[in-house]
Amino acid sequence: MKKPAPQRREPEKKPLRWFVFTLFSVLLCLGLMAGIAVFAFFIQIDQSLPSGEALKTYHPPLVTSVYSADGELIGEFFIERRYLVPLRELPPHLIKAFIAAEDARFYEHSGVDLIGIFRAMVKNIQAGEIVQGGSTITQQVVKSLLLTPERTFTRKIKEALLAYRIDHSLSKNEILYLYLNQIYFGAGAYGVEAAARTYFDKHASELDLAEASLLAGLPKAPSRFSPVHHFPVARERQQYVLQRMVDSDFVSVEEARKALAVPLQIAKPKRWTLRELDYFTEEVRRQAEARFGRDMLYKEGLIIQTTLDVRAQRLAEKALDQGLRELDKRHQRYRGLHVNVPKDDWPTALRVLVNTNGNLTEGKVVAGMIKEFDARAKSCVLDLGPERAVIPQSGWQWTHLSEKRAEKVFRTGDILRIKLLKRQDEKVWTAALEQDPSMEGALMSINPLNGRVICMVGGRNFEKSQFNRCTQAVRQPGSSFKPIIYSAALDRGWTEASILIDSPVSYEDRSGRGPWRPANYDRQFWGPILLRKALIHSRNVVTVKLLESIGPNYTINYAKQLGINSPLTPTLSLALGASGVTMNELLTAYSAFADRGERVQPYLIERVLDRNHNLIEEHQVKKEAAIAPQTAYLITDLLQAVVQEGTGARAKELGRPTAGKTGTTNELKDAWFIGYTPSVLTGVWVGYDDHNVSLGKGETGGRAACPIWVYFMKEYLKEKPIETFAIPEGIIFAKINPHSGAVTRSDEPGAVYAAFSGSLPTPGTEPRAAGEEIIAEAPDDYFDSSNTYTPARLSPPPRSPSGESFFKSDLF
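In what follows, the accompanying structure is described. It should be emphasised that the depicted structure is a prediction, and the values quoted were computed from it without experimental measurement. (Residues numbered from 1 in each chain as written. Predicted model: local features only at pLDDT ≥ 70, side-chain atom pairs only at ≥ 80, totals over all residues. Heavy atoms only, no water.)

Comments concerning the environment of Arg523
Moving on, step 1. As for its placement among the helices and strands, Arg523 is situated in the loop between β14 (499–502) and β15 (527–530).
Moving on, step 2. Using a relative accessible area of 54% as the deciding quantity, one classes Arg523 as exposed. (Helix = DSSP H or I, 4+ residues; strand = E, 2+ residues; numbered from the N terminus. Buried < 20%, exposed > 50% of the residue type's maximum accessible area, 1.4 Å probe, protein only.)

Here is the structure:
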């Protein structure tokens, strides 16, 4: 019997099962670990995400705008040039243009557009370059406002998470508001309003479809698509935006075609450089920063309303420039040329000239390049770019160059400064040779009744020097300080009819420099003269004696009462304006003379509003009674006589009641004229920034500064009514003898009118000048045989605590 064959055993499956189980377990563990890691990663990212709550109180840096008195924009201060504009003020086609260009499914997705990302990927692969982005408008808001600009995978995840959250916490319109006010458009413009002003010089609400579609193409690459620098590329981008609007059914094909056919007028980007700003605006900036701090000024979008009269500012700039050029030419200081352009560089040089010269108008000073010098006609032909200018011999004769010298000086390719006189035809001007003056000047005008600064020109060229000579320069005022001394004397009992002795005097100078002998400008002595005449003709020696009589310390306190805050040296040289002051201080002091004794501080800022137009600060005019109204009028009466009879005679051209005083310092280094009508007080200073340089022979305040004052005031007051100075109670007028000061008959030959306070002077009751005898009439033997009067030597005043000389200069 056969044994049954042994059955075949199947192989064990246990190892395979174990392997599968092990692999599954490992993968499961890895998956769990990865899940835990991913979860931890997202938890970490979530915890590190910035809060989106800040977007609900959107507070971006805004432009601080400065306006003139009549509402004209005169300056802007900012870190980012941005103006907030509500969504409701933007035209619908502008909003649609941005949605079409940046995020066509904006109203459909939840902050992150996966369909849009896939579509952009396909488009970019087809084009072989990046032509579309996958970021939504919400993601761009997140990237701009909440995240750093780094480009990492982690930041992208944060961006998507934040975009999702914000889309659920803000409305779509709120997100659009943030986007359109935040994004950068190039040329320093942040936000759509700034972009509209920058590229089209209009508000965003005024943009048409063509302009809106151009702006909508800029945020992707502002430099690359700049319509200023790359206009053809910008037009291509505009076409793309219009096509996207058609694809999104925002506009019809016909509307897009019409918009594309519209010629675009791109404005020159407005940049508030030194050329566009001026001394007034810079002084406003300086004061505002001191009051509110740098961050508030440059980031908080303040609205600063000022006192500036723009017309007055332009007239003042023109008057100062005219006066300085005339002064410069009087001394025939032609300083030659600075640049000669090689022929190969002429095209480039002419392009630069066209840009710097701007519009060519009659009377404008511009730069031109010499094309030829006609020796026979003795004239220069200059190229101005699209136009030419011809300088005849009469146009350069002020230089006193000989004909041979002129041929060598005027070389082909030289750059000259010229003044355009008149057109010969559409392309040719008749011109005169000019050069920029080397001296400086300043002009400041205020309303003395309230202190409003009408205009302020602190120098010849703000672009070259921002130093404000109206508020920052401390200069010796010369004789323009004398009205303060005479006002102090009037309050000590002196009158217009008081007699002063204009005669040589010597004071001991303990500094070791020898005796100080003050002198008059003409180096002559007039003997006994009325106080009235002494101020009218700005006599120095009698003013020194007058100051000695009333006392330097009393006068210094009096000056402080009038608003002079600069330190004044208590010496007799104070009579000649030896202590430095600012123009702002002098105008403050003179405001009391112009307004019945009430002093007012000049101010520039009328009011300041915040970004929401809430009032932060408003100037309140504070007038202080500095001197008696009668004293103020007596000084005004004397200063009117300065204009009618004395050193300020040039100001008579104004043809209306005017009071003023000239001032000239030692060696003709400073020239002043401070003058006023009842409602306008203006000061002019001329000199070099280097205190050691003289203006030149004969350049006194009456010759160098007063004409500038006249040029400005004549034009500024041209259409304004003529005003007279109000006479306060207690003022009496009488005719007096011009020699003795005695009240006389009205029909006496040579008698002059004088004003008095309270009552007429009684002979013999006037105050006595120190060391001098008060006399009614000069005796025949008043002068010695040499025609020189020598009074008794005065004892020197006490030595100053510092040991320095009390007498440092002879100022006129």
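Side note on the packing of helix α13 (residues 310–330) against helix α22 (residues 701–716)
Moving on, step 1. Relative orientation of the contacting elements α13 and α22 amounts to 150 degrees, with a least axis distance of 9 Å. On the basis of their axis angle, the class for α13 and α22 is roughly antiparallel. In the packing of α13 onto α22, the handedness of the crossing is right-handed. Between α13, through Arg311, Ala312, Leu315, Ala316, Ala319, Leu320, Gln322, Gly323, Leu324, Glu326, Leu327 and Arg330, and α22, the contact on the second element is made entirely by Arg703, Ala704, Ile708, Tyr711, Phe712, Glu715 and Tyr716.
Moving on, step 2. Classifying every residue of the contact of α13 with α22 by side-chain character gives 12 nonpolar, two polar and five charged. (Axes fitted to C-alpha atoms, helices over the stretch in contact; angles between N-to-C directions. Parallel < 35°, antiparallel > 145°, perpendicular 65-115°, else oblique. Left-handed = near helix turned anticlockwise from the far one by under 90°. Contact = heavy atoms within 4.5 Å. Nonpolar A, V, L, I, M, F, W, Y, C, P; charged D, E, K, R; others polar.)

A look at the side chain of Gln435
Moving on, step 1. Checked against the element boundaries, Gln435 lands in the loop between β11 (428–434) and β12 (440–446).
Moving on, step 2. We classify Gln435 as buried; its relative accessible area is 8%.
Moving on, step 3. In this structure the side chain of Gln435 is engaged in a polar contact, spanning 2.7 Å, whose partner is the side chain of Asp328. (Polar contact = N/O pair within 3.5 Å; in protein donor to acceptor, adjacent residues only side chain to side chain.)

Notes on the pairing of β11
Moving on, step 1. Burial runs high along β11: seven of the seven residues are buried.
Moving on, step 2. Neither face of β11 is exposed, since Val428, Thr430, Ala432 and Glu434 on one face and Trp429, Ala431 and Leu433 on the opposite face are all buried.
Moving on, step 3. In the sheet, strand β9 (residues 388–391) pairs with β11 via three bridges, with the strands oriented parallel. Among the inter-strand pairings, Arg388 is bridged to a residue of β11, identified as Val428.
Moving on, step 4. Two strands pair when backbone bridges link them, and strand β10 (residues 415–423) and β11 are joined in this way by six bridges, in the antiparallel orientation. Within β11, the residue paired with Arg417 across the bridge is Glu434. (Pairing = 2+ DSSP bridges.)

Details of the sheet that holds β9
Moving on, step 1. Pairing is mixed in the closed barrel, where five strands are placed in the order β7-β8-β9-β11-β10. Each strand of the sheet is rotated relative to its neighbour by a mean of 50 degrees, with strand direction disregarded.
Moving on, step 2. Examined bridge by bridge, strand β8 (residues 379–383) and β9 share four bridges and lie antiparallel to one another. By the bridge assignment, Leu382 is partnered in β9 with Ala389.
Moving on, step 3. Helix-sheet contacts for helix α14 (residues 346–357) involve β7 (365–374), β8 and β10, and the interaxial angle to β7 is about 145 degrees.

Concerning the pattern of salt bridges
Moving on, step 1. Applying the stated rule across the entire model yields 42 salt bridges.
Moving on, step 2. We note a salt bridge from Arg411 to Asp414, for which the minimum N-O separation is 3.1 Å.
Moving on, step 3. Residue classification places Arg411 among the partly exposed positions, given a relative accessible area of 43%.
Moving on, step 4. With a relative accessible area of 0%, Asp414 lands in the buried category.
Moving on, step 5. Residues Lys623 and Asp595 are paired through a salt bridge, measuring 2.6 Å at the closest nitrogen-oxygen approach. With Lys623 in strand β19 (residues 623–625) and Asp595 in the loop between α20 (583–594) and β16 (598–600), this pair connects stretches of sequence that are 28 residues apart. (Salt bridge = Lys/Arg side-chain N within 4 Å of Asp/Glu carboxyl O.)

With respect to the pairing of strand β17 (residues 605–609)
Moving on, step 1. In terms of burial, β17 is largely enclosed, as four of its five residues are buried.
Moving on, step 2. With four bridges connecting them, strand β6 (residues 303–306) and β17 associate as antiparallel partners. When the sheet's bridge partners are listed, Gln305 is paired in β17 with Arg607.
Moving on, step 3. Here β17 pairs with strand β18 (residues 615–618) via three bridges, running antiparallel. By the bridge assignment, Leu609 is partnered in β18 with Leu615.

What about helix α16 (residues 482–490)?
Counting along an α-helix, one turn takes 3.6 residues, and residues three or four places apart therefore face a common direction.
Moving on, step 1. With nine of its nine residues buried, α16 lies for the most part within the structure.
Moving on, step 2. Where α16 is buried, its residues contact α17 (531–536), α18 (540–550), α19 (552–561), α20, α21 (629–645) and β20 (659–664).

Examining the nonpolar core
Moving on, step 1. Ranked by size, the top nonpolar core spans 116 residues in total, and within it Ile304, Ile484, Leu562, Tyr676, Val686 and Phe712 carry the most contacts.
Moving on, step 2. With 10 residues, α22 is the single largest residue contributor to this core.
Moving on, step 3. When neighbours within four sequence positions are excluded, Val686 is seen to be in contact with Leu324, Leu327, Met439, Glu440, Gly441, Lys669, Asp670, Ala671, Leu695, Ala704, Ala705 and Ile708.
Moving on, step 4. With 57 residues, the next largest nonpolar core counts Leu87, Leu94, Ile137 and Ala234 among its residues. (Core = buried A, V, L, I, M, F, W, Y, C linked by side-chain atoms within 4.5 Å.)

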